Amino acid sequence: MLKFFNSFLNKLYPRKQTHVPARTLKLAFIVTSFGIICCVCRCYGLRKFMNSLLRRLKWRSNGPNIIHTANECHNAVLELRKKCKDIRVIGLDCEWVSEGKKTNKIALLQLASIDGYCSLIRLCALGNVPNSLKELLSDRSIIKTGVAVNSDASRLLRDYGVPCKGVLDLRHLAQAVGSVPAGLGKMSNLYLNKELDKDWRIRCSNWEDSCLSERQIQYAADDALVSVQLFEYFNNLMLKRHFPWYKRLLWSDTQMWAHSVNYWRIYINIPFNQKGSGEQMVVGSEFSKSSKSVNSTRKFSTKPVKDNPRQKPLYHNIYLEAPDGEVLCTCDDSKATWYLTKGLAEIISEEPLRLRLTFEPSGRNGAGDEYYALPKNNECVVCGSKQALRRKNIVPLEYRKYFPIKMKDHCSHDVLLLCFECHIRNSHYEQELKNSLAAECNAPLSNTKENRQRLELPDIMAVRSAARALLKGDRIPEPRKQELRSVVTNYLRRKDDQVPELNDQLLNELGQTCYWVKNEDYNPHGLKVVDCYKDRFSNPIEGLRVLEKMWRRNFVDNMQPEFLPQLWSINYEHNQRLF
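## Notes on the overall build of the chain
Point 1. Counting its regular elements, the chain contains 22 helices and 14 strands.
Point 2. At a minimum sequence separation of 6, the contacts of the chain that also span at least 24 residues come to 68%.
Point 3. Surface exposure of the chain reaches about 32,600 Å², of which carbon and sulfur atoms provide 52%.

Below you can see the structure in the form of structure tokens.
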């Protein structure tokens, strides 16, 4: 290559045919090669930018596609799926008509792809949602993004029975990249330098009118288009943090999406809590509020969830055999050590470690369960991560503890490993199912307003607070101290005609007074749900099986685990006979 480069220089400068040193040739060759690579990269990046810009200008010039019929809707859905083939995200927004305190069904559904294609689907004209649109909205692999998009998804379910899955609130993205989470109009102005028309006259206009005005059409289209553009903006910020420009420059759209989806997966289907962050527990689902007989929706506190991962692996995969060589199960290191120190087992092989019992175990007929005899990996069953793992009871102990003894003992089938991020996501779906069961079984959640485990006594709480304040009240103004003393003395006077002198010892005793009593009418939520399912079937065990499988299906459908242990099944049942 250097000889070729030397001859090229000699042809280029025939009058100066001198031998160029090899070191100089190498340097010139490296510089030239680097320049050519930079030009190619720049041209490739410029071509991608120009193609994206031309696509957006094309759809912008054509305007949004307004859908009135089922056939037009089907074609629009096909076009959206084509646009989402590589970058699987669309902007979503809804408009409806409000009449006083009553809101009508969703009248207009806006969907936009990342290249600027936008469809305004008039659901009020269609009457019902076509199957092709249902499949698009329920497709988990396509992210539907927007501000308060979870609320729009809940309305679609309530108004048309369409489950909208894979929704992602833009405020999660803004918070994740260190930006200010706000409304769509404010974020558009801050980050895209584009001001949206948010006039209340347009926002509250008649979206069910037979002919929408140009201003209405522009308003509706902008909401969906800006949503997907904000997603692109925040996504690019996140990618810039983790990958240098020269790596991102040659990425295809498919490669870019493969890296992007990993950052936002933990926020999908999680409502944004304005008071907390995306990594905290959030309020229950919107559509569960429709039940008025039971206030089943429970709000979580905004305190962060503590990240306390396991310090040791859960599975050591030590085989435990019966005296005849049949593999009974796998066990951990501590259990194997106990068997060996007690002289109840002996080592058969070192790699893999196998122990053989020196006695015939009881219950041998029901112990031949292949699931427990297979080795298991110490990894998150959802994403495969091996960091920050914790055990997760797929059927919550709140219900399992009321099951018959043989349905809750030795049942590690429903104990799986999750990483911290997947644990947070699953907690949201778990709460949704709890809310649903609370409404279905007329079983209010524990420690809610309708079902408190203990009742607080307001008078004693006031005295307790006043006594504690007086003990630590060096900076309390004298008039306020007099009010606090009167609260304490009035309480003591009701108990005894003679009021003792208020001293530190008496105030300390009053500050430790119990301010609650046990609620005799308290009925645990888990017990009531379990009893409800027992009563629905002639065989109570059959009802509990249904409840058990419901929780497993909820986990599988919502979390889409890719690394479940072998033979793990929604329909798994113990081999042991219960009765």
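From this point, the discussion proceeds with the structure in view.
## Thoughts on the confidence of the model for the chain
Point 1. Of all residues in the chain, 81% attain a pLDDT of 70 or more, and the chain-wide mean is 81.
Point 2. Here residues 54–61 is modelled with pLDDT under 50, and outside its nearest four sequence neighbours on either side it reaches 15 contacts, counting other chains as well.
Point 3. Contacts from residues 276–305, a stretch scored under 50 in pLDDT, to residues over four places away or in other chains number 60 contacts.

## Quick notes on the side chain of Asp-414
Point 1. Structurally, Asp-414 is set in the loop between helix 16 (405–408) and strand 12 (415–419).
Point 2. For Asp-414, a relative accessible area of 2% puts it in the buried group.
Point 3. Among the polar contacts listed, one links the side chain of Asp-414 to the side chain of Arg-400, at a separation of 2.5 Å.
Point 4. Residues contacting Asp-414, with those up to four places away along its chain left out, are Lys-392, Asn-393, Ile-394, Val-395, Arg-400, Glu-548, Arg-552 and Trp-568.

## Describing the side chain of Asp-169
Point 1. Tracing the sequence through the fold places Asp-169 in strand 6 (residues 167–169).
Point 2. There is a polar contact of 3.1 Å between the side chain of Asp-169 and the backbone nitrogen of Ala-148.
Point 3. Setting aside residues up to four positions removed in sequence, Asp-169 forms contacts with Gly-146, Val-147, Ala-148, Val-149, Asn-150 and Phe-272.

## As for unusual backbone geometry
Point 1. The residue after Glu-351, namely Pro-352, is reached through a cis peptide bond having omega -5 degrees.
Point 2. Look at Asn-193: it is not a glycine, yet its phi comes out positive at around 55 degrees.
Point 3. Relative to the elements of secondary structure, Asn-193 occurs in the loop between helix 8 (184–191) and helix 9 (200–203).

## A word on the sheet that holds strand 1 (residues 65–67)
Point 1. In space, the six strands of this open sheet follow the order 1-4-3-2-5-6, with mixed pairing throughout. Among the strands making up the open sheet, the edge pair consists of strand 1 and strand 6. The sheet shows a mean angle of 30 degrees between the axes of neighbouring strands, direction not considered.
Point 2. Each of strand 1, strand 2 (89–99), strand 3 (102–113) and strand 4 (118–122) touches helix 3 (residues 70–83); the most contacted strand, strand 1, lies at about 140 degrees to it.

## Examining the state of the cysteines
Point 1. Enumeration over the complete set of coordinates arrives at zero disulfides.
Point 2. The thiol sulfur of Cys-94 is not disulfide-bonded, and the nearest other cysteine sulfur, from Cys-164, lies at 7.7 Å.
Point 3. The thiol of Cys-532 is unpaired, and the distance to the nearest cysteine sulfur, on Cys-441, comes to 3.4 Å.

## Topic: the pairing of strand 5 (residues 143–146)
Point 1. The two faces of strand 5 match: Ile-143 and Thr-145 on one face and Lys-144 and Gly-146 on the other face are all buried.
Point 2. Alignment of strand 2 against strand 5, held across three bridges, turns out to be parallel. Across the sheet, residue Ile-90 finds its bridge partner in strand 5, namely Lys-144.
Point 3. Bridge count between strand 5 and strand 6: three bridges; the pairing is parallel. Its bridge partner lying in strand 6, Lys-144 is registered against Val-167.
Point 4. Note that the unit made of strand 5, helix 6 (residues 149–160) and strand 6 has a crossover that is right-handed.

## What about the sheet that holds strand 8 (residues 327–331)?
Point 1. In spatial order, the strands read 8-7-10-9; together these four strands make up an open sheet with mixed pairing. Edge positions in the open sheet fall to strand 8 and strand 9 (345–349), since each of these has one partner strand only. In this sheet, neighbouring strand axes are inclined to one another by 30 degrees on average, regardless of whether the strands run parallel or antiparallel.
Point 2. By the bridge criterion, four bridges tie strand 9 to strand 10 (residues 354–357) in an arrangement that is antiparallel.

## Here we look at the environment of Ile-202
Point 1. Along the chain, the position of Ile-202 falls in helix 9.
Point 2. It is 7.6 Å that separates the C-alpha atoms of Ile-202 and Tyr-219, two residues lying 17 residues apart in sequence.
Point 3. Discounting chain neighbours no more than four positions away, the residues touching Ile-202 are Asp-197, Trp-207, Arg-215, Gln-216 and Tyr-219.

## Considering the packing of aromatic side chains
Point 1. Under the defined criterion, the tally for this structure stands at twelve aromatic pairs.
Point 2. Both rings, one in Tyr-371 and one in Tyr-572, keep their centres 6.0 Å apart while their planes meet at 50 degrees; by these two values the pair is tilted. You can see Tyr-371 sitting in helix 14 (residues 370–373) and its partner Tyr-572 sitting in the segment after helix 22 (540–559), a full 201 residues away along the chain.
Point 3. Geometry around Tyr-160 places Lys-105 over its ring, the cationic atom sitting 5.3 Å from the centre.
Point 4. Against the face of Tyr-533 rests Arg-536, its NZ or CZ located 4.6 Å from the ring centre.

What counts, and at which threshold
- Every chain's residues receive numbers from 1 upward, in the order its sequence appears when written.
- With pLDDT at 70 or above as the cut-off, local features in this predicted model cover only qualifying residues; side-chain atom pairs require 80 or more to be listed or tallied, and sums for whole chains, interfaces and linings still use all residues.
- To obtain the side-chain values, all non-hydrogen atoms of the structure were used and water was disregarded.
- Only DSSP runs of H or I with at least four residues qualify as helices, and only runs of E with at least two residues qualify as strands; both kinds are numbered from the N terminus onward.
- Here a residue-residue contact requires only that any non-hydrogen atoms of the pair lie within 4.5 Å.
- Here the accessible surface of atoms and residues is derived via Shrake-Rupley with a 1.4 Å probe, and residues count as covered only by protein chains that are part of the display.
- Every residue gets a pLDDT, meaning the predictor's confidence in that residue, from 0 to 100.
- Only protein chains enter the calculation, and the probe is 1.4 Å; a residue is then buried if its accessible area is under 20% of its type maximum, exposed if over 50%, and partly exposed in between.
- Here a polar contact is recorded for every N or O atom pair within 3.5 Å, except that within protein the pair must consist of a potential hydrogen donor and a potential acceptor, and residues adjacent in sequence are included only if both atoms are side-chain atoms.
- Here, a strand pair is defined by DSSP locating no fewer than two bridges between the strands.
- Orientation is described by axes fitted as lines to C-alpha atoms, over the contacting stretch for helices, and by angles from 0 to 180 degrees between their N-to-C directions.
- Working definition: a disulfide is two cysteine sulfur atoms within 2.5 Å of each other.
- Looking down the strands as they point away from you, a crossover is right-handed if its path from the first strand over the helix to the second goes clockwise.
- Stacked, tilted and edge-to-face are the three classes applied to pairs of Phe, Tyr and Trp rings, where Trp contributes its six-membered ring and a pair requires centres within 6.5 Å; stacked means planes under 30 degrees apart, edge-to-face means over 60, and tilted covers the rest.
- Charges are assigned to positions over rings by a cutoff of 6 Å between ring centre and Lys NZ or Arg CZ, combined with an angular limit of 35 degrees from the ring normal.

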